[in-house]
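Each chain, letter by letter, is given below.
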Amino acid sequence: MKEFKPMAWILPQPVLIIGTYNEDGTPNAMNAAWGGQWDGKEIMISLGSHATTKNLNRCPEFTVSFATIDTLEAADYVGIVSAGKNPDKMAKTGWTSEKGRKVNAPVFDCFPMTLECKIKEKLYESPTGFYMVAEIVNILCREEYLSEDGRPDVEKMRLITFDPIHNGYISLGGRVGSAFHDGMKLKD
């Protein structure tokens, strides 16, 4: 086996789009990959110093959407361009939004599923950013992404993951097994 120095290579890494409102009330979005499920109804995201971080310091409510093959270009763009330096960055994405149902944050119409969240705790806060633990207060899923049982159908969403090794995006594939079932074949 070849050895590598420690890197941020945990896989897969989600492509999270964090939605907040700027101080003037306009929607803002940023792309973040370092996040995941923290607990049953909580998530954790690592944030550097961004316009989004300032927005969250002012209002601890935000949305998290999951980037897809269809939103890849604009999702990458909101990770490259800062609202602090380009106040009109959202116009270039073509995204439209409405106010969240349970939080004071934008819900962008182009994503299949959006989590509405409120910060519960900030960890290791410094001038360079913080880790946030947030409560999921509501989940919105567009109707066309529901399965026959009425729950979100992840395969229909065409989600992407960040490849930190080669700085790329990879589409997630189809179902390959059943959790809490397939391993039973090996159980005595």
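Before reading further, recall that the structure is shown in the block above.
Residues numbered from 1 in each chain as written. Predicted model: local features only at pLDDT ≥ 70, side-chain atom pairs only at ≥ 80, totals over all residues. Heavy atoms only, no water.

**Topic: the nonpolar core**
1) Next: Ile43, Ile45, Leu47, Phe62, Val64, Cys117 and Met132 are the most contacted members of the largest nonpolar core, which has 22 residues in total.
2) Next: Once residues within four sequence positions are removed from consideration, Leu47 is found in contact with Ile18, Met30, Thr53, Leu56, Thr128, Gly129, Phe130 and Met132.
3) Next: Ranked by size, the runner-up nonpolar core spans 12 residues in total, among them Val15, Ala74, Trp95 and Ile160. (Core = buried A, V, L, I, M, F, W, Y, C linked by side-chain atoms within 4.5 Å. Buried < 20%, exposed > 50% of the residue type's maximum accessible area, 1.4 Å probe, protein only. Contact = heavy atoms within 4.5 Å.)

**Concerning the sheet that holds strand β11 (residues 160–163)**
1) Next: Spatial strand order, β1-β11-β12: 3 strands in an open sheet with antiparallel pairing. Two strands in the sheet have a free side with no partner beyond their single neighbour: β1 (13–14) and β12 (168–171).
2) Next: Sheet analysis places β1 next to β11, joined by 2 bridges and oriented antiparallel. Bridging from a neighbouring strand, Gln13 pairs with Phe162 of β11. (Pairing = 2+ DSSP bridges. Helix = DSSP H or I, 4+ residues; strand = E, 2+ residues; numbered from the N terminus.)

**Details of the state of the cysteines**
1) Next: Counting across every chain of the model gives 0 disulfides.
2) Next: Left unpaired, Cys117 is separated from the closest cysteine sulfur, that of Cys59, by 12 Å.
3) Next: Residue Cys117 is classed as buried on the basis of its relative accessible area, which comes to 0%.
4) Next: Here Cys141 stays unpaired: no disulfide links it, and the sulfur of Cys110, its closest cysteine neighbor, is 14 Å away. (Disulfide = S-S within 2.5 Å.)

**Considering the layout of surface pockets**
1) Next: Counted as a void, the largest pocket has a volume near 680 Å³.
2) Next: If you trace the largest pocket, you find 28 residues lining it, with Gln37, Phe66, Met113, Val154 and Leu159 closest to the centre.
3) Next: For the lining of the largest pocket, the residue count by class is 20 nonpolar, 6 polar and 2 charged.
4) Next: Volume-wise, the second largest pocket comes out at about 420 Å³.
5) Next: Lining the second largest pocket are 22 residues, and of these Met30, Asn31, Ala32, His50 and Gly79 sit closest to its centre.
6) Next: Mapped onto the lining of the second largest pocket, the elements with two or more residues apiece are β3 (27–32), β5 (42–48), α1 (51–58) and α2 (72–80).
7) Next: Classifying every residue of the lining of the second largest pocket by side-chain character gives 12 nonpolar, 8 polar and 2 charged. (1 Å grid on protein atoms, 1.4 Å probe; cavity = no way out; pocket = protein on both sides within 12 Å on 5 of 7 lines; lining within 4 Å. Points joined across faces, edges and corners; volume = space filled by probe spheres on them. Nonpolar A, V, L, I, M, F, W, Y, C, P; charged D, E, K, R; others polar.)

**Structural notes on the side chain of Gln13**
1) Next: Topologically, Gln13 is positioned in strand β1.
2) Next: By relative accessible area, which is 3% here, Gln13 ends up buried.
3) Next: Those residues within four positions of Gln13 in sequence are excluded, and the remaining contacts are Ala8, Ala33, Trp34, Thr161, Phe162 and Pro164.

**Remarks on the packing of aromatic side chains**
1) Next: Applying the stated criterion to the full structure yields 5 aromatic pairs.
2) Next: Considering the side-chain rings of Tyr124 and Tyr131, the 5.9 Å spacing of their centres and the 85° angle between planes classify their relative orientation as edge-to-face.
3) Next: With relative accessibility at 37%, the residue Tyr131 sits in the partly exposed group.
4) Next: For the ring pair Phe162 and Tyr169, a centre distance of 6.2 Å and an interplane angle of 55° mean the geometry is tilted. (Phe/Tyr/Trp six-rings, centres within 6.5 Å; stacked < 30°, edge-to-face > 60°.)

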